[in-house]
Amino acid sequence: MPPRKIIIDTDPGQDDAVAILLALASPEDIEVLGITAVAGNVPLPLTQKNARIVCELAGKPETKVFAGCDAPMKRKLVTAEHVHGKTGLDGPQMADPTMPLQDQHAVDFIIETLRNEPCGTVTLCPIGPLTNIATAFERAPDIVARVQEIVLMGGAYFEVGNITPTAEFNIYVDPDAAKIVFGAGVPLVVMPLDVTHKALTTRNRIDAFRSMHTKVGDMVAAWTDFFERFDMEKYGSEGAPLHDPCTIAYLIEPQLFEGRHINVEIETESELTLGMTVADWWRVTDRPANAMFIKDVDASGFYALLAARLARL
Ligand code: RIB
Ligand code: CA
């Protein structure tokens, strides 16, 4: 089976960084055509810089990184420095990247790639707000039918919200973009908080990174040490959810995950529940199923995959 061709759309973020490392460490499974940065956890100048820092850490400075949208389609940008720190990659000291940022706008890269690659052979992996993806779909509707699949991190149902009582951060930041993506008719796999909150770091799992005695292992351990303080304080959990790597792990070992093909709609009107992913888990409506909504993960298997692959870098 040839490797899956993907575009990672991202707002690094420590967990985004681990997702990018996992993808770049798995060339037999994944060919990263490009990484497109979007404003989210921190503003765009930082997310595009952080994406390049991670590619260099992976030893892949030839990876193409593009800067995309610096604000949601209609609303004001909301960021998450309270979780990820001022730089977005707080924890360890990081040198500025030396690899170049591509001149082309991320949205144009997404459009061009989907038009140039054979139809149905490119998967989009958005792990931040969906602004770049939705903007590409609006600007070039012809590319929608050419997307093989979208595997995204976002949303929540049983787990409810993490940025408001009802909304998960990626969807909340740009609910209008999310509505476009969830309504586009592209095969969609959703990794919501319902599953990512079962992929928690623990001391042993972080020690497994540190005991690699590699720069990557040390950085991932330092990032997760920093990143987990917020969730442990808020949820009283043993560790932090590694949200974004769930998308990449799904592409490599889908059998680690379980979910249900259901209808998922996005709230874009009510200020009270803005950005809520209204998941019809019990199929009580006749709204058509549009998403594989993932609810469970073999967490030990997920971390074993992560450790095995990151040890390669
Ligand atoms: O709610 C978790 C999501 O928001 C993750 O993608 C994290 O990186 C932040 O972007
Ligand atoms: Ca993210």
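As a starting point, this report considers the structure included with it. Here the structure is a predicted model, which is why all the values come from computation and not from measurement.

## Brief notes about the layout of surface pockets
Piece 1. Computed from the structure, the largest pocket encloses a volume of approximately 240 Å³.
Piece 2. Around the largest pocket, the lining residues are Met1, Pro2, Pro3, Arg4, Lys5, Glu28, Asp29, Thr121, Gln148, Leu251 and Ile252.
Piece 3. Looking at the lining of the largest pocket, the elements that each hand over two or more residues are β1 (4-10) and α11 (245-252).
Piece 4. A volume near 200 Å³ is recorded for the second largest pocket.
Piece 5. Every residue along the wall of the second largest pocket is listed here: Ala23, Leu24, Pro27, Ile30, Val32, Leu33, Lys60, Glu62, Thr63 and Lys64.
Piece 6. Ranked by the residues each element gives to the lining of the second largest pocket, the list is headed by strand β2 (residues 30-37), at three residues.

## Examining the site of ligand 1
Piece 1. Within the structure, ligand 1 sits among 13 residues, and Asp15, Asp16, Asn162, Glu168 and Asp244 are positioned closest to it.
Piece 2. A distance of 3.0 Å is found between an oxygen atom of ligand 1 and a side-chain nitrogen or oxygen belonging to Asp11.
Piece 3. Coverage of ligand 1 by the protein amounts to 97% of the 280 Å² it exposes when considered alone.
Piece 4. If you map ligand 1 onto the pockets, it falls in the largest cavity.
Piece 5. Elements supplying a minimum of two residues to the shell around ligand 1: α1 (14-24) and α6 (169-173).
Piece 6. Classifying every residue of the shell around ligand 1 by side-chain character gives three nonpolar, five polar and five charged.

## Quick word on a nonpolar patch on the surface
Piece 1. A contiguous nonpolar patch, built from Phe158, Trp282 and Val284 and spanning about 370 Å² of accessible area, is present on the exposed surface.
Piece 2. Relative to the helices and strands, Val284 is located in the loop between β9 (277-279) and β10 (291-297).

## Considering the packing of α11 against helix α12 (residues 299-310)
Piece 1. For the pair α11 and α12, interaxial distance at closest approach is 11 Å and the crossing angle is 90°. Relative to α12, the element α11 lies roughly perpendicular. Along its contact with α11, which presents Pro245, Cys246, Ala249 and Ile252, the element α12 presents Phe302, Leu305, Leu306 and Arg309.
Piece 2. Residues that form the contact of α11 with α12 fall into these classes: seven nonpolar, no polar and one charged.

## Thoughts on the coordination of the calcium ion (ligand 2)
Piece 1. Here the calcium ion (ligand 2) is held by Asp11 (OD), Asp16 (OD), Asp16 (OD), Ile127 (O) and Asp244 (OD), and the distances to it run 2.2 to 2.6 Å.
Piece 2. Counting residues between consecutive donors of the calcium ion (ligand 2) along the chain gives the motif D-x4-D-x110-I-x116-D. Here Asp16, found in helix α1, pairs with Asp244, found in the loop between α10 (215-235) and α11; they are 228 residues apart in sequence, far enough to count as distant. For the pair formed by Asp16 and Asp244, the shared burial category is buried.

## Side note on empty space enclosed by the protein
Piece 1. Scanning all chains against the criterion turns up one cavity of 30 Å³ or more.
Piece 2. Of the volumes computed, that of the largest cavity is approximately 250 Å³.
Piece 3. Forming the walls of the largest cavity are 24 residues, and the residues nearest its centre are Asn41, His84, Asn162, Phe169 and His243.
Piece 4. Elements that contribute at least two residues to the lining of the largest cavity include exactly α1, α3 (81-84), α6 and α10.
Piece 5. Ranked by residue count, the leading element in the lining of the largest cavity is α10, at five residues.
Piece 6. Of the residues contributing to the lining of the largest cavity, the split by class is 10 nonpolar, seven polar and seven charged.

## Some remarks on the packing of aromatic side chains
Piece 1. A complete count under the given rule lists seven aromatic pairs for this structure.
Piece 2. Their ring planes at 85° and their centres at 5.8 Å tell us that Phe158 and Trp281 sit as a pair that is edge-to-face. Residue Phe158 is found in the loop between β5 (147-153) and α6, and its partner Trp281 is found in the loop between β9 and β10; the two are separated by 123 residues along the sequence.
Piece 3. The buried category is assigned to Trp281, whose relative accessible area is 8%.
Piece 4. Sitting over the face of the ring of Phe226, Arg229 holds its NZ or CZ atom 4.0 Å from the ring centroid.

## Considering helix α2 (residues 44-57)
Piece 1. With 14 residues, α2 extends 20 Å from end C-alpha to end C-alpha; this agrees with the ideal 20 Å at 1.5 Å per step.
Piece 2. The buried fraction of α2 amounts to 10 of the 14 residues, a majority that puts the element mostly inside the structure.
Piece 3. Taken together, the buried positions of α2 are Leu44, Thr47, Gln48, Asn50, Ala51, Arg52, Ile53, Val54, Cys55 and Leu57.
Piece 4. Residues of α2 that are buried make contact with β1, α1, β2, β3 (65-67) and α10.

## Focus: the sheet that holds β2
Piece 1. If you trace the eight strands from one edge of the open sheet to the other, you get β3-β2-β1-β4-β5-β6-β10-β7, paired in mixed fashion. Looking at which strands have only one partner, the edges of the open sheet turn out to be β3 and β7 (257-262). Across the sheet, the mean angle from the axis of one strand to that of its neighbour is 25°, orientation sign disregarded.
Piece 2. Bridge count between β1 and strand β4 (residues 122-126): five bridges; the pairing is parallel. For Ile7, the partnering residue across the bridge sits in β4 and is Leu124.
Piece 3. Along the sheet, helix α4 (residues 106-116) makes contact with β1, β2, β3, β4 and β5, crossing β2 at roughly 150°.
Piece 4. Lying on the sheet, helix α5 (residues 131-139) is in contact with β1, β2, β4 and β5; it crosses β4 at an angle near 135°.

Cut-offs and rules
Residues numbered from 1 in each chain as written. Chains lettered and ligands numbered in written order. Predicted model: local features only at pLDDT ≥ 70, side-chain atom pairs only at ≥ 80, totals over all residues. Heavy atoms only, no water. 1 Å grid on protein atoms, 1.4 Å probe; cavity = no way out; pocket = protein on both sides within 12 Å on 5 of 7 lines; lining within 4 Å. Points joined across faces, edges and corners; volume = space filled by probe spheres on them. Helix = DSSP H or I, 4+ residues; strand = E, 2+ residues; numbered from the N terminus. Near = heavy atom within 4 Å. Polar contact = N/O pair within 3.5 Å; in protein donor to acceptor, adjacent residues only side chain to side chain. Areas by Shrake-Rupley, 256 points an atom, 1.4 Å probe, with all protein chains shown as cover. Sits in = over half its atoms within 2 Å of the grid points. Nonpolar A, V, L, I, M, F, W, Y, C, P; charged D, E, K, R; others polar. Patch = residues over 30% accessible without salt bridge, like charges linked within 9 Å, V, L, I, M, F, W, Y side chains within 5 Å. Salt bridge = Lys/Arg side-chain N within 4 Å of Asp/Glu carboxyl O. Axes fitted to C-alpha atoms, helices over the stretch in contact; angles between N-to-C directions. Parallel < 35°, antiparallel > 145°, perpendicular 65-115°, else oblique. Contact = heavy atoms within 4.5 Å. Donors = N, O, S within 2.8 Å, 3.2 Å for Na, K, Ca; no water. Buried < 20%, exposed > 50% of the residue type's maximum accessible area, 1.4 Å probe, protein only. Phe/Tyr/Trp six-rings, centres within 6.5 Å; stacked < 30°, edge-to-face > 60°. Lys NZ or Arg CZ within 6 Å of the ring centre and 35° of its normal. Expected span 1.5 Å × (residues − 1). Pairing = 2+ DSSP bridges.

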